[in-house]
Structures are given as structure tokens and as C-alpha cells.
Amino acid sequence: MSSTAEQASTEAAAMVAVSTVRQRIDDLDHDIIELLRRRQEVSQQIQQIRTGAGGQRVEPAREELILERYRSAFGGPGRDIATALLRICRG
Ligand SMILES: O=C(O)C(=O)C[C@]1(C(=O)O)C=C[C@@H](O)C=C1
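Predicted, not measured: the structure shown is a model, and the values here were computed from it.

### Concerning the overall build of the protein chain
Working step 1: For the protein chain, the helix and strand inventory stands at two helices and zero strands.
Working step 2: In terms of overall dimensions, the protein chain is more spread out than a globule: its C-alpha atoms have a radius of gyration of 22 Å, far above the 12 Å expected for 91 residues.
Working step 3: Taken along its principal axes, the extent of the C-alpha atoms in the protein chain is 75 × 25 × 15 Å.
Working step 4: For the protein chain, the proportion of its 91 residues judged to be buried stands at 11%.
Working step 5: Accessible surface computed for the protein chain: about 7,300 Å², of which carbon and sulfur atoms make up 57%.

### Concerning the UniProt feature "domain: Chorismate mutase" (unreviewed entry) in the protein chain
Working step 1: UniProt's entry tags residues 12-91 with the feature "domain: Chorismate mutase" (unreviewed entry), counted in the numbering of this structure.
Working step 2: Its end C-alpha atoms 45 Å apart, residues 12-91 is made of 90% helix and 0% strand.

### A few points about a negative patch on the surface
Working step 1: Taken together, the side chains of Asp26, Asp27, Asp29, Asp31, Glu34 and Glu41 make up a negatively charged region of the molecular surface.
Working step 2: Looking at the element boundaries, Glu34 is found in helix α1 (residues 3-52).

### Observations concerning helix α2 (residues 60-90)
Working step 1: Taking 1.5 Å per residue, 31 residues should reach 45 Å; α2 reaches only 12 Å between its end C-alpha atoms and comes up short.
Working step 2: Along its length, α2 reaches its greatest deviation from straightness, about 145°, at Phe74, and the proline Pro77 lies no more than four positions downstream.
Working step 3: Among the residues making up α2, those that are buried are Glu63, Ile66, Leu67, Gly78, Ala82, Leu85, Leu86 and Cys89.
Working step 4: Each element contacted by the buried residues of α2 is listed here: α1.

### Regarding the side chain of Gln47
Working step 1: With respect to the element layout, Gln47 can be found in helix α1.
Working step 2: What makes Gln47 buried here is its relative accessible area of 7%.
Working step 3: A polar atom in the side chain of Gln47 sits 2.8 Å from the side chain of Ser43.
Working step 4: Apart from the residues lying within four places of it in its own chain, the contact partners of Gln47 are Arg57, Cys89 and Arg90.

### Side note on the site of the ligand
Working step 1: For the ligand, the full set of nearby residues is Arg39, Ser43, Ile46, Gln47, Arg50, Val58, Glu59, Arg62, Glu63, Ile66, Leu86 and Cys89.
Working step 2: The contact in question runs from an oxygen atom of the ligand to an N or O atom on the side chain of Arg62, over 3.5 Å.
Working step 3: One nitrogen or oxygen atom from the side chain of Glu63 is found 2.4 Å from an oxygen atom belonging to the ligand.
Working step 4: Taken together, the elements giving at least two residues each to the shell around the ligand come down to α1 and α2.

Definitions and cut-offs
- Residues numbered from 1 in each chain as written.
- Predicted model: local features only at pLDDT ≥ 70, side-chain atom pairs only at ≥ 80, totals over all residues.
- Heavy atoms only, no water.
- Helix = DSSP H or I, 4+ residues; strand = E, 2+ residues; numbered from the N terminus.
- Rg over C-alpha atoms; globule rule 2.2 N^0.38 Å.
- Buried < 20%, exposed > 50% of the residue type's maximum accessible area, 1.4 Å probe, protein only.
- Areas by Shrake-Rupley, 256 points an atom, 1.4 Å probe, with all protein chains shown as cover.
- UniProt positions renumbered as here; feature names shortened; annotations may be inferred.
- Patch = residues over 30% accessible without salt bridge, like charges linked within 9 Å, V, L, I, M, F, W, Y side chains within 5 Å.
- Salt bridge = Lys/Arg side-chain N within 4 Å of Asp/Glu carboxyl O.
- Lys, Arg positive; Asp, Glu negative; His and termini not counted.
- Charge placed at Lys NZ, Arg CZ, Asp CG, Glu CD.
- Expected span 1.5 Å × (residues − 1).
- Bend = angle between axes of the 7 residues up to and from the residue.
- Contact = heavy atoms within 4.5 Å.
- Polar contact = N/O pair within 3.5 Å; in protein donor to acceptor, adjacent residues only side chain to side chain.
- Near = heavy atom within 4 Å.

Below you can see the structure in the form of C-alpha cells.
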């Protein structure tokens with residue numbers, strides 16, 4: 001095989017490998033979205049219990065614990081993820 005043909009063949013094999021491994025990312029994203037939906041439901045359940053008893057929907061001290069949990073796992077971007085997560089769950 002010429003070196004150009006070898007290069008093309010290596011690139012084609014890499015594209016197949018990337019596409020195979022990408023499927024795992026797609027599956028994981030699917031699972032993460034499903035978990036987020038479940039978290040959203042549980043969070044809204046708690047908020048309903050609290051507001052039904054005359055309390056506030058938001059509990060800043062609890063949110064700070066969650067923000068810190070994600071920051072400790074992933075640094076600043078982890079805190080950003082938790083901020084978005086709480087926005088999704090508060091509705
Ligand atoms: O843990 C609670 O008290 C909730 O209401 C859940 C939750 C959350 O989604 O984690 C949502 C709103 C509150 O501000 C704090 C946390």
C-alpha cells in the first residue's frame with residue numbers, strides 16, 4: 001500500500017473507533033438526562049411539601065451544600081453544573 005493509502009486507511013479505522021466509543025457517550029448522556037429528570041421530580045416533591053406547609057420553595061443553606069458537593073468533585077465548572085442543576089430542579 002502507498003503511504004497515502006495507508007494514511008487514509010488509518011484515518012478510516014480511527015473514525016470507526018471514534019464512532020464506536022461515541023456511542024458510549026450518547027448512552028451515558030441518555031442516562032444522565034434520565035437521572036436529571038428523576039432528580040427534578042424528587043426536588044419538586046420536596047418543594048411542594050415545604051410550600052404546602054407554608055415554607056419557602058428555596059432553601060439557600062441546602063443549595064450551598066449541593067454547590068459545594070459538585071465544586072469539590074469538579075472544581076469551578078462543577079459548581080456551575082450544580083447551579084444549572086438547581087435551576088432545572090426549581091422549575
Ligand atoms: O432539598 C431541598 O430542600 C429541596 O428543595 C431540593 C433542592 C434541590 O433540588 O436540591 C431544591 C430547592 C432548594 O432550594 C434546595 C434544594
